[in-house]
Amino acid sequence: MNPELSEQEAIRRESLKELEKLGINAYPAEAYEVNISTSEIHKNFPTDSTLYQDISIAGRIMTRRIMGAASFVDLQDSSGRIQLYIKRDDICPGEDKTLYNTVFKRLLDIGDIIGVTGFVFITQMGEISIHVKSLKLLSKSLRVLPVVKEKDDQVFDAFSDPEARYRQRYVDLIVNPEIRDVFVKRSRIINTMRAFFNEKGYLEVETPILQPIPGGAAARPFITHHNALDMPLYLRVADELYLKKLIVGGFDGVYEFAKDFRNEGMDRTHNPEFTVLEIYVAYKDYFWMMEFTETMLERVAMSLHNQTTVQVGDRSIDFKSPFRRLTMSDAIMQYAGIDINGKSEDDLRLICKELGVETNPAMGKGKLIDAIFGEKCEEHLVQPTFIMDYPIEMSPLCKRHRSNPELTERFELFVNGKELCNAYSELNDPIDQLDRFQDQLNLSQKGDDEAMFIDMDFVRALEYGMPTCSGMGIGIDRLTMFMTNQPSIQDVLFFPQMRPEKKAPPAGDTDDAFVAIGVPEAWVPALRKYGFKTVVELKAANPNKLLNDLGGLRKKMKLDIPALKLEEIQAWVNSEK
RNA sequence: CUCUCCGUAGCUCAGCUGGUAGAGCAAAUGACUCUUAAUCAUUGGGCCAUAGGUUCGAAUCCUAUCGGGGAGACCA
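Only a predicted model underlies this, so the values are computations on that prediction, with no experimental measurement involved.

### Section: the pattern of salt bridges
The tally for this structure, following the rule as stated, stands at 35 salt bridges. Among the salt bridges present, the one from R12 reaches D109, with a minimum N-O distance of 4.0 Å. Residue R12 is located in helix α1 (residues 7-21), and its partner D109 is located in the loop between α4 (98-107) and β4 (113-122); the two are separated by 97 residues in the primary sequence. Each member of the pair R12 and D109 is classed as buried.

### Some words on the sheet that holds strand β16 (residues 324-327)
Across the sheet, which stays open at both edges, the 8 strands sit in the order β8-β12-β13-β20-β19-β18-β17-β16 with mixed pairing between neighbours. This sheet does not close on itself; its edge strands, each paired only once, are β8 (203-204) and β16. Pairing of β8 with strand β12 (residues 253-261) involves 2 bridges; the strand directions are parallel. Looking across to β12, one finds that L203 is bridged to V254. Those strands touched by helix α7 (residues 178-199) are β8, β12, β13 (273-282) and β20 (469-475), and its axis lies near 150 degrees from that of β12.

### Some thoughts on the side chain of D74
Along the chain, D74 falls in strand β2 (residues 70-77). Among the polar contacts made by the side chain of D74, one reaches the side chain of R65 at a distance of 3.4 Å. Dropping the residues within four chain positions of it, D74 is found in contact with R60, I61, M62, T63, R65, R81, I82 and Q83.

### Here's the deal with the nonpolar core
Counting 40 residues, the largest nonpolar core has M193, F197, I279 and I474 as its most contacted members. With 9 residues, the top contributor of residues to this core is helix α9 (residues 286-305). Apart from the residues lying within four places of it in its own chain, the contact partners of I474 are M193, T275, V276, L277, M296, L297, L420, C421 and L479. In this structure, I57, L75, L107 and I114 belong to the second largest nonpolar core, which totals 29 residues.

### Considerations on α4
Of all the positions in α4, only Y100, V103, F104 and L107 are classed as buried. For α4, the angular spread of buried residues about the axis comes to 150 degrees, placing them on one side. Tucked inside the fold, the buried residues of α4 contact α1, β1 (55-67), β2, β3 (80-87), α3 (88-91) and β5 (128-139).

### Observations concerning the pairing of β4
On a regular strand, one side chain projects to one face of the sheet and the next to the other, so that they alternate. Where β1 meets β4, 6 bridges bridge the pair, whose relative direction is antiparallel. The residue of β4 that forms the bridge with I57 is V116. Examined bridge by bridge, β4 and β5 share 10 bridges and lie antiparallel to one another. By the bridge assignment, I122 is partnered in β5 with I128.

### Some points on the pairing of β5
Bridge count for β3 against β5 is 3 bridges, and the pairing is parallel. Across the sheet, residue Q83 finds its bridge partner in β5, namely S129. Where β4 folds back onto β5 in an antiparallel hairpin, the turn is made up of 5 residues, including G126, whose phi is positive at roughly 90 degrees.

Each value, and the rule that gives it
- Residues numbered from 1 in each chain as written.
- Chains lettered and ligands numbered in written order.
- Predicted model: local features only at pLDDT ≥ 70, side-chain atom pairs only at ≥ 80, totals over all residues.
- Heavy atoms only, no water.
- Salt bridge = Lys/Arg side-chain N within 4 Å of Asp/Glu carboxyl O.
- Helix = DSSP H or I, 4+ residues; strand = E, 2+ residues; numbered from the N terminus.
- Buried < 20%, exposed > 50% of the residue type's maximum accessible area, 1.4 Å probe, protein only.
- Pairing = 2+ DSSP bridges.
- Contact = heavy atoms within 4.5 Å.
- Axes fitted to C-alpha atoms, helices over the stretch in contact; angles between N-to-C directions.
- Polar contact = N/O pair within 3.5 Å; in protein donor to acceptor, adjacent residues only side chain to side chain.
- Core = buried A, V, L, I, M, F, W, Y, C linked by side-chain atoms within 4.5 Å.
- Arc of directions from axis to C-beta.

Here it is as structure tokens:
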């Protein structure tokens, strides 16, 4: 037995052995028939108590209340919980009461997965329960589950440490079942959107994640290496360019739910990998896309909540379309009191200084305007608001505004002070596109490490001709945060990125050092457990005391290794090494 | 990257201005045939994150490191 195990873990492994001796396989291979779920029982039994008189159900033991020859167990399946009533003489009708007395009471634990058959009834206390007629172990749990108790909606001893919850999401999901709901909703959000797109006849597609040029967005990429081709590849930061190539190829509408990767900071709204929906529709412009987007979001909200208002923190946000529309310069006028129209780069730099907005020399006109906007306006955009008509420098893939060549036909949707969507009338003029890429290159040389790479194949595709087109991207993680009222991106990702767990290296000498003076390898962990971290410490010990203490330890820990003799221990202590 | 708080039993947490650890749940043993945070009795369970330092003495004070939360910086 491994002395690293906690007492309770060791006991569970012992139980496993005892089950084996009783001829019970703790991990049986055969399927177990499940013909009902806990939620169906709770839903239908109150109105028709003749139902469910012969059922078979499986789940995890969450709590037990044992009262001698009868017990109550809370069984949890994927849909909820139900109480089991287990009576000794019902599951052990004959003389042999082993199944109840030994297997159920002693060898089963909280966390084990079992299957039961029986009938549904209501206890004297009024709780819908299953009267168990047979019980089968389906999987033994060797780790101790946190026990979360609840009474009158008050939760006791909640499993709440964020680190443990995110690292061991499986435990979180078992003991905090309300967490599941967020992920069920996340799935529904995606399904609602997918249905919306499919109804319109748009095609769901897949494009490369490994890209030779990480195009489509201004962001620092992850880089990797392909051995056979001996070349670098980047993890995509966006799928925009590939999807537009498909529009060139003749599809009227394409979309992709894509994992994107950005090698940037992590915080409450940023995970290194995240999910984005991008959709491109031919022969449309950004006005059309605004209507499309607000219709889509209204539909998502309705599908989740049966209403358009959604509670986000202490605010109520209404996704009822149409959303407010505001140009960027009007927003800055309204919230910062500054008219940016016709201002030069130097003027803007001065304005930033007056407003206390930080700048650096690498910032062009577009970034300066964006800085003012970010600092002064975003926080005010609580209800869904389209911000339109961005400066041209910030939007190298976006069509020039039809009435002002300094601007682009771009909008972003802000909700609760955060950006949620980004959309354009897509640039389809190949010559303009190449020029704009060239400008990005200049920015890059000026020190902007996020400026976009030039993708010549994309330019070539545009040279064949891309129809007018509008595209939109929306962060699915952020959308889920809003729609489920979660404050952190980690709460809408099953497995948020974490630093790897590091086991503290065992302090003191290595195993080999102990073995070198004659200590049997199997005894080394026991010695560590006992407190000897180095050979020097061990050799300073009294052999007689050691013999006694280690013998006691062996018994206590139920160590399956040969007992020690005094001569052996004396040999360690007297060893020359 | 900066600031700040945190890391004690399987889980949730006490542990004051230093004197080598406590509770509840969980576990073990026993009692109990309708309980539900079941109850009652007894018992076991800890490298107090890691490494240094101060001290006669450190879970406690100091420094560094690791991991995490929060705020900011950067960033879509």
